2 protein chains.
Amino acid sequence: MGRRGIFLGLLLVHILVISVADTQKENLYIWPMPVSVSHGQHTLYLSNEFELKTDGSKYSDASGILRDGFSSILKIIKGDHVIEDAPRFGSYLVIKGIHVVILSPSDELQHGVNETYRLSVPVDGNPIYAHVEAQTVYGALHALQTFSQLCYFGFETRVIEVPQAPWTIFDQPRFSYRGLLIDTSRHFLPLPVIKKVIDSMTYAKLNVLHWHIVDTQSFPLEIPSYPRLYAQRRGIHVLAELDVPGHAESWGIGYPSIWPSENCRQPLDVSNDFTFKLIDAILSDFSKVFKYRFVHLGGDEVDTSCWTFTPHVSDWLKKRGLNESGAYQYFVLKAQQIALSHGYEIINWEETFNNFGSKLNPKTVVHNWLGGGVAQKVVAAGLRCIVSNQDKWYLDHLDATWEGFYSNEPLANITKPEEQALVIGGEVCTWGEHIDGSDIEQTIWPRAAAAAERLWTPYHNLAKNSSEVTARLANFRCLLNQRGVAAAPLAGPGRVAPLEPGSCYKQ
Amino acid sequence: MGRRGIFLGLLLVHILVISVADTQKENLYIWPMPVSVSHGQHTLYLSNEFELKTDGSKYSDASGILRDGFSSILKIIKGDHVIEDAPRFGSYLVIKGIHVVILSPSDELQHGVNETYRLSVPVDGNPIYAHVEAQTVYGALHALQTFSQLCYFGFETRVIEVPQAPWTIFDQPRFSYRGLLIDTSRHFLPLPVIKKVIDSMTYAKLNVLHWHIVDTQSFPLEIPSYPRLYAQRRGIHVLAELDVPGHAESWGIGYPSIWPSENCRQPLDVSNDFTFKLIDAILSDFSKVFKYRFVHLGGDEVDTSCWTFTPHVSDWLKKRGLNESGAYQYFVLKAQQIALSHGYEIINWEETFNNFGSKLNPKTVVHNWLGGGVAQKVVAAGLRCIVSNQDKWYLDHLDATWEGFYSNEPLANITKPEEQALVIGGEVCTWGEHIDGSDIEQTIWPRAAAAAERLWTPYHNLAKNSSEVTARLANFRCLLNQRGVAAAPLAGPGRVAPLEPGSCYKQ
């Protein structure tokens, strides 16, 4: 059959359209699963001069975000393989490049930025181009990530193959906040490690790096702008946390006067104006660097008992007619006002809601962590919520399984649409007591990916039984390994070594 | 004081000369410790245009090994830090570049290649250059690695600092074979992972990657030249292993006729000519790609009992008048002859020596693994030896501590110089039953580094008590983390998570 014959054959090919309910059973290895996917049965080959084309785009890419995204993805697709020339397959089977059309000229990365994209890989065209249409460059970056998961190095053909073409994919996230917490207070995390965490987040379409910078143990803060800029270029918001008034003992190493006393080093001294001046100064610095709509003010695990044992604090409480819990509320609300004055909305851990929810500023997002069932109370009270219940979504809990990460539903028992809308998303947390540059990757992955699908994929596309997605998640874990990310096997608890010899896809 | 005044001051500065015996106590953080080190008390700063100068070198660097090595090292030194302009410190404190003089025009990487180097960082010169003199480019690469360990990012100055200058270092390895085994048969190791292992080996001056490619579980062999070429450019020999006649069941998936029978799948069929034809074909392919002087032919853990239960093999044995152990010897020696015919010298696991040592070809290197005390017997028999006793130097033995790795002496009880010379080195082994891309880095490091110093540093410079080097090894481990290598904490067994919050340097 001559070239024309094959060409016509391709045009007439029967295109398998996968209904969403079928996505788990199908031979489809995209993680997280998009809103809708249809595909065919043909294999195309990537040109060795695979290129980015942007004609018709309203986005100028002056900052190079799209170009960088494209070259990163191309690097990931090619891996370290020795790739031969694709054109020997005949140009009618070769994808020449990807044509990206972005409708918005702005690349401001703000909460709720439009992340929608359409991706298609046709089997015709002379030459063939993949097509992306997105409202913003951040949607386009997601499209490139998805495209990278359609590509495989062919060990026999020695070129990059795109099987199951033609592809038509529409996609957008279920939740706008899809977070991962890292903790640089308990252990230093070198910059290359943080950058790799950020890159790996983009593979799973997570989009908020919650940076727990400061805690009891250390105050490694210099308001560094470099990681934030790096993250933003990849579509990742950086949520900076200043956890007050507890978890803050380390502040007093530099400023001992904000310790109530030598024996009462936290919570910070509520009676000292300097405490709030310092918070104000830090948040002022934050606001110059961390441009996300939110700042995290902590507020968790505050044991106020030593305030009452410290004479000058106790006197101050008496003068104001405040008991311990009133003073805790006073501190949190005052810190909220400072954050608001710097243009931030606030995220606070759930204890603030549990203790004085009705007093919290309406711009507060309550960050659940203690257990399940909190979100429904928060949204019933009209506040927004982020879900991180520790029994399911704490990555440092090694006994929390990927199945538990997958099946943890943020909207459980929340039925009213207006209340559902108040759950802005969820976050998996990598508290750093036992985590440093030596073990963070396998603590995070693959379990964070299980949560990432829960946060990205429409509810009706999610597997009701996590066993339906085991093979696809294993595939994603192997993909992470191929990209140099040390994702652990699925079998067993978190951060586990492989149990026995065998294929990555079965571990 | 004007510029001239400081300049003279620097010239007259008292230079601390560290005697070798003092190296463990001194504030010296080089790993592995060089042959001799002297240094001063001044801090210099790296120019932002730090450059490589090669005038006077006899090495043309046509293949770019030195240029690549220089740019890799510069990247490592700079890390991801945001570095400011050094010249503001006054050019008399700024190191403008490194001047590398290589005496040999050849960059052939063969066993025993000269790895000697001299490195100096003077405090005078206008401008100041660091100096390297080496016989070969591979010695120069070691010098660059050592130089990188003299450099620190100054968090206050925001430039790369070289404290304790001036430096004068002379260095050469104690053993020419300093190996690390990886096992891609039990688990697939993606290329980026292997490349990172190779890069991290160069940090510790290990120089042989022993690649256990094929085993019972899989035969993932395509004679790929890419990793070997990558390794060679970094001064790393690749020792390919074809383990016969045991550990070879997987061969029969493609070639069932070399299984003695369905129920006797290994050892390979000693009675079948095709077995040896296949070995010959593979070694012929090996010889085109793996240019190291040695090939590893395995020979370990051979259970020959099923040969006697298999009628045609049993008949063949009878015809030849061979018992099981005679047939094992026949197989090994025949494989040796094939390897010799392809220009290789041979490495065999110690069972071959233990069973018929006097019959081994004199070009055999015996690879110890079962336990201590073997090397002395091997060298007494006039053969060469590599030490890998599993109780101390198997990295997959997680209960083997870094202290044990450090103190394992390859020349224990070998006193005659001519016998000592037959111990060509040692190797640490990362058998892959429980190791894949998710945990290999922390299984290897930092324990492999402890062995690396044993294999590099002159005996009289080694700590008699490993506790003397704890701080320096912890420093090296943190350096690995900063370079993005997931080296585990020192405290506890192998591949352990950090026990508690705290500084990397204390874990």
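Everything numeric here is computed off the predicted structure, so don't read it as measured data.

**Observations regarding the confidence of the model for chain A**
Residues and elements named next belong to chain A. Here chain A averages 91 in pLDDT, while 93% of its residues score no lower than 70. Scored below 50 in pLDDT, residues 1-21 shows 32 contacts in the model against residues more than four places distant or in partner chains. Taken over the whole predicted complex, pTM reads 0.91, whereas the ipTM for its chain interfaces reads 0.88.

**Points about the pairing of strand 12 (residues 345-349) of chain A**
Residue and element names in this part refer to chain A. For strand 12, the buried fraction is high: five of the five residues fall into the buried class. Of the two faces of strand 12, the one holding Glu345, Ile347 and Trp349 and the one holding Ile346 and Asn348 are both buried throughout. Sheet topology note: the strand 11 (residues 294-296)/strand 12 ladder contains three bridges and is parallel. Each residue of the ladder has a partner; that of Val295, found in strand 12, is Ile346. Pairing between strand 12 and strand 13 (residues 364-367): four bridges, direction parallel. Considered in strand 13, the bridge of Ile346 is made with Thr364. Following the backbone out of strand 12, through helix 11 (residues 350-356) and into the adjacent parallel strand 13, one traces a crossover that is right-handed.

**Quick word on the packing of helix 7 (residues 273-289) of chain B against helix 10 (residues 324-341) of chain B**
All names here are of chain B. With their axes 9 Å apart at the nearest point, helix 7 and helix 10 run at an angle of 35° to one another. For the crossing formed where helix 7 meets helix 10, the hand is right-handed. For the pair helix 7 and helix 10, contact is made by Thr275, Phe276, Ile279, Asp280 and Leu283 and by Tyr330, Phe331, Lys334, Ala335, Ile338, Ala339 and Ser341, respectively. Counted by class, the contact of helix 7 with helix 10 contains eight nonpolar, two polar and two charged residues.

**Description of the packing of aromatic side chains**
The geometry of an aromatic ring pair is captured by the separation of the ring centres together with the interplanar angle, meaning the angle of the planes. One pass over the structure, following the stated rule, counts 34 aromatic pairs over all chains. Between Phe50(B) and Phe70(B) the ring centres are 6.0 Å apart and the planes differ by 20°, which places this aromatic pair in the stacked class. Note that Phe50(B) is positioned in strand 2 (residues 36-53) and Phe70(B) in helix 2 (residues 65-78), a separation of 20 residues in sequence. Assigned by exposure class, Phe50(B) and Phe70(B) land together as buried. The rings of Phe276(A), Trp307(A), Trp316(A), Tyr330(A) and Phe331(A) are connected pair by pair, giving a single aromatic cluster. Geometry around Tyr230(B) places Arg234(B) over its ring, the cationic atom sitting 4.4 Å from the centre. Positioned above the aromatic ring of Trp259(B) is the side chain of Arg265(B), whose terminal nitrogen or guanidinium carbon lies 4.0 Å from the ring centre.

**Some points on helix 18 (residues 470-482) of chain B**
Under the 1.5 Å per step criterion, the end-to-end length of helix 18 of chain B is 18 Å for 13 residues, consistent within 8% with the ideal 18 Å. When you tally the buried positions in helix 18 of chain B, you get 10 out of 13 residues, the bulk of the element. Every buried residue belonging to helix 18 of chain B is among Arg472(B), Leu473(B), Ala474(B), Asn475(B), Phe476(B), Arg477(B), Cys478(B), Leu479(B), Leu480(B) and Asn481(B), and all of these are buried. Residues of helix 18 of chain B that are buried sit in contact with helix 4 (191-203) of chain A together with helix 3 (137-150), helix 4 (191-203), helix 14 (402-407) and helix 17 (447-456) of chain B. Positive backbone phi, approximately 85°, marks Gly484(B), located one or two places after helix 18 of chain B.

**Re the state of the cysteines**
In protein structure, a disulfide is the covalent linkage between the sulfur atoms of two cysteines. Residue and element names in this part refer to chain A. Considering all chains together, one arrives at four disulfides over all chains under this definition. Across the disulfide from Cys264 sits Cys306; the S-S distance is 1.9 Å. Looking down the S-S bond of the Cys264 and Cys306 bridge, the torsion is 60°, so its handedness is right-handed. One end of the pair, Cys264, is in the loop between helix 6 (251-254) and helix 7 (273-289); the other, Cys306, is in helix 8 (residues 305-309), with 42 residues separating them in the sequence. With a relative accessible area of 3%, Cys264 lands in the buried category.

**Focus: the relation of the copies chain B and chain A**
Expressed as a screw operation, the relation of chain B to chain A combines 0.0 Å of axial shift with a rotation of 180°, fitting to an RMSD of 0.0 Å. Here the symmetry operator amounts to a two-fold rotation axis. Within chain B, Asp439(B) has its C-alpha nearest the rotation axis, a separation of 4.2 Å. Most of the interface of chain B is mirrored in chain A: 100% of its interface residues are interface residues there too.

**A closer look at the pairing of strand 2 of chain B**
Two elements, strand 2 of chain B and strand 7 (residues 160-171) of chain B, share seven bridges in a ladder whose sense is antiparallel. Residue pairing across strands places Ser38(B) opposite Thr168(B), the latter belonging to strand 7 of chain B.

Parameters at a glance
Residues numbered from 1 in each chain as written. Chains lettered and ligands numbered in written order. Predicted model: local features only at pLDDT ≥ 70, side-chain atom pairs only at ≥ 80, totals over all residues. Heavy atoms only, no water. pLDDT = per-residue confidence, 0-100. Contact = heavy atoms within 4.5 Å. Buried < 20%, exposed > 50% of the residue type's maximum accessible area, 1.4 Å probe, protein only. Helix = DSSP H or I, 4+ residues; strand = E, 2+ residues; numbered from the N terminus. Pairing = 2+ DSSP bridges. Right-handed = clockwise from strand over helix to strand, strands pointing away. Axes fitted to C-alpha atoms, helices over the stretch in contact; angles between N-to-C directions. Left-handed = near helix turned anticlockwise from the far one by under 90°. Nonpolar A, V, L, I, M, F, W, Y, C, P; charged D, E, K, R; others polar. Phe/Tyr/Trp six-rings, centres within 6.5 Å; stacked < 30°, edge-to-face > 60°. Lys NZ or Arg CZ within 6 Å of the ring centre and 35° of its normal. Expected span 1.5 Å × (residues − 1). Disulfide = S-S within 2.5 Å. Least-squares fit on C-alpha atoms with pLDDT ≥ 70 in both.

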